[in-house]
Amino acid sequence: MGPPDPILGVTEAFKRDTNSKKMNLGVGAYRDDNGKPYVLNCVRKAEAMIASKKMDKEYLPIGGLADFTRASAELALGENSEAFKSGRYVTVQGISGTGSLRIGANFLQRFFKSSRDVYLPKPSWGNHTPIFRDAGLQLQAYRYYDPKTCSLDFSGAMDDISKIPEKSIIVLHACAHNPTGVDPRQEQWKELAAMVKKRNLLVYFDMAYQGFASGDINRDAWAVRYFIEQGINVILSQSYAKNMGLYGERAGAFTVICSDAEEAKRVESQLKILIRPMYSNPPLNGARIASIILNTPDLRKEWLVEVKGMADRIISMRTQLVSNLKKEGSSHNWQHITDQIGMFCFTGLKPEQVERLIKEFSIYMTKDGRISVAGVTSGNVGYLAHAIHQVTK
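Quick look at the structure, then. For clarity, every value in this text was computed on a predicted model and none was experimentally measured. (Residues numbered from 1 in each chain as written. Predicted model: local features only at pLDDT ≥ 70, side-chain atom pairs only at ≥ 80, totals over all residues. Heavy atoms only, no water.)

### Comments concerning the overall build of the protein chain
Across its full length, the protein chain carries 16 helices and 13 strands. Relative to a compact globule of 393 residues, whose C-alpha radius of gyration would be 21 Å, the protein chain shows 21 Å and is just as compact. Principal axes of the C-alpha set define a box for the protein chain whose edges measure 65 × 55 × 45 Å. A burial count over the protein chain gives 55% of its 393 residues as buried. For the protein chain, the proportion of contacts with a sequence separation of at least 24, taken over those separated by at least 6, is 75%. Element-wise, carbon and sulfur atoms account for 51% of the exposed surface of the protein chain, whose accessible area totals about 17,400 Å². The average position of the 51 basic charges and that of the 41 acidic charges among the side chains of the protein chain differ by 2 Å. (Helix = DSSP H or I, 4+ residues; strand = E, 2+ residues; numbered from the N terminus. Rg over C-alpha atoms; globule rule 2.2 N^0.38 Å. Buried < 20%, exposed > 50% of the residue type's maximum accessible area, 1.4 Å probe, protein only. Contact = heavy atoms within 4.5 Å. Areas by Shrake-Rupley, 256 points an atom, 1.4 Å probe, with all protein chains shown as cover. Lys, Arg positive; Asp, Glu negative; His and termini not counted. Charge placed at Lys NZ, Arg CZ, Asp CG, Glu CD.)

### Some words on the side chain of R318
Along the chain, R318 falls in helix α13 (residues 297-328). One buried charged side chain, R318, makes no salt bridge at all; its nearest oppositely charged neighbour is D339, positioned 8.9 Å away. (Salt bridge = Lys/Arg side-chain N within 4 Å of Asp/Glu carboxyl O.)

### Examining the sheet that holds strand β10 (residues 251-257)
Here we have seven strands laid out as an open sheet, ordered β2-β10-β9-β8-β7-β3-β4, and mixed in their pairing. The open sheet has two edge strands, β2 (89-95) and β4 (138-143), and neither has a second partner. Averaged over neighbouring strand pairs, the angle between their axes works out to 25 degrees when direction is ignored. Two strands pair when backbone bridges link them, and strand β8 (residues 202-207) and strand β9 (residues 235-239) are joined in this way by four bridges, in the parallel orientation. Looking at the pairing, D206 lines up with S237 of β9. Set on the sheet, helix α5 (residues 96-111) makes contact with β2, β7 (169-173), β8, β9 and β10; between it and β2 the angle comes to about 125 degrees. Packing against the sheet, helix α7 (residues 154-161) makes contact with β4 and β7, and its axis sits at approximately 135 degrees to β4. (Pairing = 2+ DSSP bridges. Axes fitted to C-alpha atoms, helices over the stretch in contact; angles between N-to-C directions.)

### Here's the deal with the packing of α5 against helix α11 (residues 261-279)
Orientation of α5 relative to α11, taken along the N-to-C sense of each, is 115 degrees, at an axis distance of 10 Å. Regarding α5 and α11, the two cross each other, and that crossing is right-handed. Contacts between α5 and α11 involve R102, I103, N106, F107, R110 and F111 from the former and V267, Q270, L271, I273, L274, I275, M278 and Y279 from the latter. When the residues that make up the contact of α5 with α11 are grouped by side-chain class, the tally is 10 nonpolar, two polar and two charged. (Left-handed = near helix turned anticlockwise from the far one by under 90°. Nonpolar A, V, L, I, M, F, W, Y, C, P; charged D, E, K, R; others polar.)

### Considerations on the packing of aromatic side chains
Here the distance between the centres and the angle between the planes together describe a pair of aromatic rings. In total, this model carries 15 aromatic pairs according to the counting rule given. Members of the aromatic cluster, joined through ring pairs, are Y30, Y38, Y209 and F212. It is K22 that lies over the ring of F14; its NZ or CZ is 4.5 Å from the centre. Directly above the aromatic system of F344 lies the positively charged group of R370, at a separation of 3.7 Å from the ring centroid. (Phe/Tyr/Trp six-rings, centres within 6.5 Å; stacked < 30°, edge-to-face > 60°. Lys NZ or Arg CZ within 6 Å of the ring centre and 35° of its normal.)

### Structural notes on the pattern of salt bridges
For the coordinates displayed, the defined rule picks out 15 salt bridges. Taking the shortest distance from any N to any O, the salt bridge between E302 and K45 comes out at 2.8 Å. Separated by 257 residues along the polypeptide, E302 in helix α13 and K45 in helix α2 (residues 41-52) bring together distant segments of the chain. One salt bridge in this structure joins D134 and R133, with 3.8 Å as the shortest N-O distance. The class for R133 is partly exposed, based on a relative accessible area of 48%. Within this structure, R143, D159, D160 and K163 form a network of salt bridges that share partners.

### Overview of the pairing of β2
When you tally the buried positions in β2, you get six out of seven residues, the bulk of the element. As paired elements, β2 and β10 share seven bridges and run antiparallel to each other. Bridged to G94 within β10 is G252.

### Let's talk about the nonpolar core
As a rule of thumb, nonpolar side chains are buried together in soluble globular proteins. Within the largest apolar cluster, 64 residues are counted, with the highest numbers of intra-cluster contacts made by Y240, W303, L321, L357 and I363. When residues of this core are traced back to their parent elements, those giving at least two are α2, α3 (66-77), β10, α12 (285-295), α13, β11 (344-346), α15 (351-361) and α16 (381-392). With nine residues, the single largest contributor to this core is α13. Those residues in contact with W303 that lie beyond four places of it in its chain are L40, C42, L75, I217, N243, M244, I293 and L294. Counting residues in hydrophobic clusters, the runner-up holds 41 residues, among them V182, A193, M195 and F346. (Core = buried A, V, L, I, M, F, W, Y, C linked by side-chain atoms within 4.5 Å.)

Below is the structure:
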């Protein structure tokens, strides 16, 4: 019998609990302030447009829906990006973030002969390890998070990265680092870019939260764009699960920045050869929805307002949680909760404290103390603060 998934296992335990005050802070899916799943208005409108046009259900090409992949590249790189305008990139549709990461991992395994080593930040998203490992690559790590300060261990990261063998692969979270919510500042990104360039590393950006972190799509893509401007030809995975709420539609993209348009064509041909035996071609509906939103000016405008609304709610829950902890009389410094960004927060709670939250308060989270701030509402933030205070005082 295989062990249960550590994140999805939390949900299963939560479902069995009969306490009316129970909270599920495990899974990374946005909830509105009533704790309910939220479908964006722009998504409903795009779906209505699809329905009214009575579109067919034919297979997509292997690389996906062209309008979607082009719009995804433009969203990530920026409309004025030299790489985008010159066509020295290739973007294929992937099965959300996970599937896009896996295309990239398989592509590296087949064509990147310089190294088999992939360096992940410590910690990283739990699924990164099996994605790269199952593609036949070897996992290494660099320091990233300092549990003592609940913030970025920048000097540790720079020190470790300076020692990574040349031409290795390094994974960077573009924004809203999962699971810690700790991101480098722009000046730190600049230093990281210089170090990566000096060490001649292949950069694989995972961008699962563009727009969802700060509420600003350009600010959240800043690091990716800066690295490319510095002449670093990155590879990139994108997901529309969070920023458009398209979780179950599995809409994502994988991009390779190439040295010229000619190389991009060769890379695209090899990506198609790789994808064909994996799943033949990607799903249609989510890509159609995302494409219509990105390519219809009114819907795009509405989406930008809605994604900022989701980001702002999460930022406000962080502030409310800290002020409620102070109200409870907690003497700990909880500033890291508001300093961190995105859906997740590394609370700094220890495994035994998490255990107590689950047993005594029916508040479910992963053992590492990561909470999904999206599961916090104005109705339960007081209860959460009270419970955290009880197990930390």
